[in-house]
Amino acid sequence: MSRHFLGISTTPTEDLTSIYRLAMKNYDGTELAQRGVSLIFEKPSLRTKASSLCAIEQLGGRVAVFTQAEIGLDVRESAEDVARTLAATSSIIAARVFDHSKFERMISATGDRVSYVNLLSDYSHPAQAIADVLALAEHFTKGKVKDLKGLTLAYVGDATNVTRSLASALTRLGAHVRVGAPNEYQLSSYDVTLINTLAEHGGTLSLFSTAEKAVEGADAIYTDSWISMGFEAEAEVRRSHLAAFQVNRQLLDLAKPGVAILHCLPAHRGEEISDEVLDNENSLIWSQVHHRTTAMRGILRWIVGKK
Ligand code: CP
Ligand code: NVA
């Protein structure tokens, strides 16, 4: 059976543990020898593309990148035919897609010949969550992921694909995740039930309707863009609905002293986060960026590892 990394909630805990361990373990550059990896980007990317290319090169793999403008997934030809074509040259297809269900369609088309990695979909961003956990562990627990148990992270703003993966990863480790968002931008009841069902080691998820309540007692505050890719037509209305959820100096003052600041980037300075907070000395954002490559090595090594 091919391994796929499509989401945090669909990856068993022991496999997530392996991914964290493999991410931090020394590599010798032969882990992906003789393997082709195809990267598909249906949406723009900077960090995900850069970190994926770097990780594949470090592990000795061969890579090809395809943008939507080039291949026209479900426009020029079906996602299934794109997958069947790339299966001729690749053993791993890593894709950034709008509609998460494209993964199921591509997997059905290629059967057991190819492994898939989710590089962000409308539903989740699990590779980002692995990097976020590694950055939090580096900052709070000397790199020991399992010691993140008991940490409190407040997510503020639009509850996005990033929020879903982050909350799922952290509650699996026994951390407490508090999401502050207006009702129409909150996690769904389906998300909450799924995340709570999978939580381990006393991890909890709590929802709040104000940013101020959400950050009470927080060790870390995380935010993401108010206008995720695909929501550009709603930009003005989103800016007005989410205005009270900006992560700024006044909000930090309500959290624990020295609260860590995280953002998956790209950031819209002056919208979801103020300049001074993004650049503050407790900001982990460049550590998160650094760990995107670390995380991708862990994911790829787990994919090609022994079952
Ligand atoms: N955080 C992240 O996934 O960034 P990109 O969209 O630039 O890849
Ligand atoms: N929620 C954002 C994340 C970007 C990395 C988006 O989907 O655009």
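Residues numbered from 1 in each chain as written. Chains lettered and ligands numbered in written order. Predicted model: local features only at pLDDT ≥ 70, side-chain atom pairs only at ≥ 80, totals over all residues. Heavy atoms only, no water.

## Quick notes on the site of ligand 2
The following threshold applies: By convention in this text, a residue qualifies as near a molecule or strand provided that one of its non-hydrogen atoms is within 4 Å of it. Polar contacts, as used here, are pairs of N or O atoms within 3.5 Å; protein pairs need one atom able to donate a hydrogen and one able to accept it. Residues neighboring in sequence count only if both atoms are side-chain atoms. For every accessible area listed, the method is Shrake-Rupley and the probe measures 1.4 Å; residues are considered covered only by the protein chains on display.
Around ligand 2, the neighbouring residues are L120, H125, T160, N161, V162, D224, S228, M229 and L265. Here a nitrogen atom of ligand 2 and a side-chain polar atom of N161 are 2.8 Å apart. S228 is positioned with one of its side-chain polar atoms (N or O) 2.7 Å from a nitrogen atom of ligand 2. In isolation ligand 2 exposes 270 Å². Once the protein is present, 93% of that is buried.

## Considering helix α7 (residues 161-172)
The line we're drawing: Numbered from the N terminus, helices here are DSSP runs of H or I no shorter than four residues, and strands are runs of E no shorter than two. In this scheme, a helix's expected span is set at 1.5 Å multiplied by one less than its residue total. Relative accessibility under 20% of the residue-type maximum defines a buried residue, over 50% an exposed one, and the middle range a partly exposed one, all with a 1.4 Å probe and only protein chains included.
Over its 12 residues, α7 runs 17 Å from end to end, which matches the ideal 16 Å to within 8%, given 1.5 Å per residue. Buried within α7 are the following residues: N161, V162, T163, R164, S165, L166, A167, S168, A169, L170, T171 and R172. Capping the start of α7, T160 holds a side-chain oxygen 3.1 Å from the backbone nitrogen of V162, two or three residues further along. Immediately beyond the C-terminal end of α7, within one or two residues, lies G174, with a positive phi of roughly 90°.

## Here's the deal with the sheet that holds strand β9 (residues 260-263)
Selection criterion: Here, any two strands with at least 2 DSSP bridges between them count as paired. Fitted lines through C-alpha atoms give the axes, limited to the stretch in contact for helices. The angle between two N-to-C directions lies from 0 to 180 degrees. Throughout, a contact is declared for two residues whenever any of their heavy atoms are within 4.5 Å.
An order of β7-β6-β5-β8-β9 is seen for the 5 strands of this open sheet, with the pairing classed as parallel. Looking at strand neighbours, the two that pair on one side only are β7 (204-208) and β9, the edges of this open sheet. The average angle at which neighbouring strand axes cross in this sheet is 20°, direction not considered. Here 3 bridges tie strand β5 (residues 152-156) to strand β8 (residues 220-223), and the two strands are oriented parallel to one another. The residue of β8 that forms the bridge with L153 is A220. Packing against the sheet, helix α13 (residues 285-304) makes contact with β8 and β9, and its axis sits at approximately 50° to β9.

## Side note on the site of ligand 1
To keep it simple, the criterion reads: In this classification, the charged set is Asp, Glu, Lys and Arg, the nonpolar set is Ala, Val, Leu, Ile, Met, Phe, Trp, Tyr, Cys and Pro, and all remaining amino acids, among them Gly, are polar.
Taken together, S45, L46, R47, T48, R96, H125, Q128, C264, L265 and R292 make up all the residues around ligand 1. Contacts to ligand 1 include R47, whose side-chain N or O atom sits 2.9 Å from an oxygen atom. Measuring from an oxygen atom of ligand 1, one finds a side-chain N or O atom of R292 at 3.1 Å. Alone, ligand 1 offers 250 Å² of accessible surface; in the complex the protein occludes 95% of this. For the shell around ligand 1, the class distribution of residues is 3 nonpolar, 4 polar and 3 charged.

## Focus: unusual backbone geometry
For the bond from L265 to P266, the omega torsion is 10°, close enough to zero to count as cis. Counting through the fold element by element, P266 comes out in the loop between β9 and α12 (275-278).

## Quick look at the packing of helix α2 (residues 47-58) against α13
Threshold: Roughly parallel means an angle under 35 degrees; roughly antiparallel means over 145; roughly perpendicular covers 65 to 115; every other angle is labelled oblique. By convention the crossing between two helices is left-handed if the near helix lies anticlockwise of the far one by an angle smaller than a right angle, and right-handed if it lies clockwise.
Relative orientation of the contacting elements α2 and α13 amounts to 50°, with a least axis distance of 8 Å. Between α2 and α13, the crossing angle belongs to the class labelled oblique. Taken as a pair, α2 and α13 cross one another with a handedness that is right-handed. Taken together, the residues of α13 that come into contact with α2 (itself represented by R47, T48, S51, S52, C54, A55, I56 and Q58) are V289, R292, T293, M296, R297 and L300. Considering only residue class, the contact of α2 with α13 consists of 6 nonpolar, 5 polar and 3 charged.

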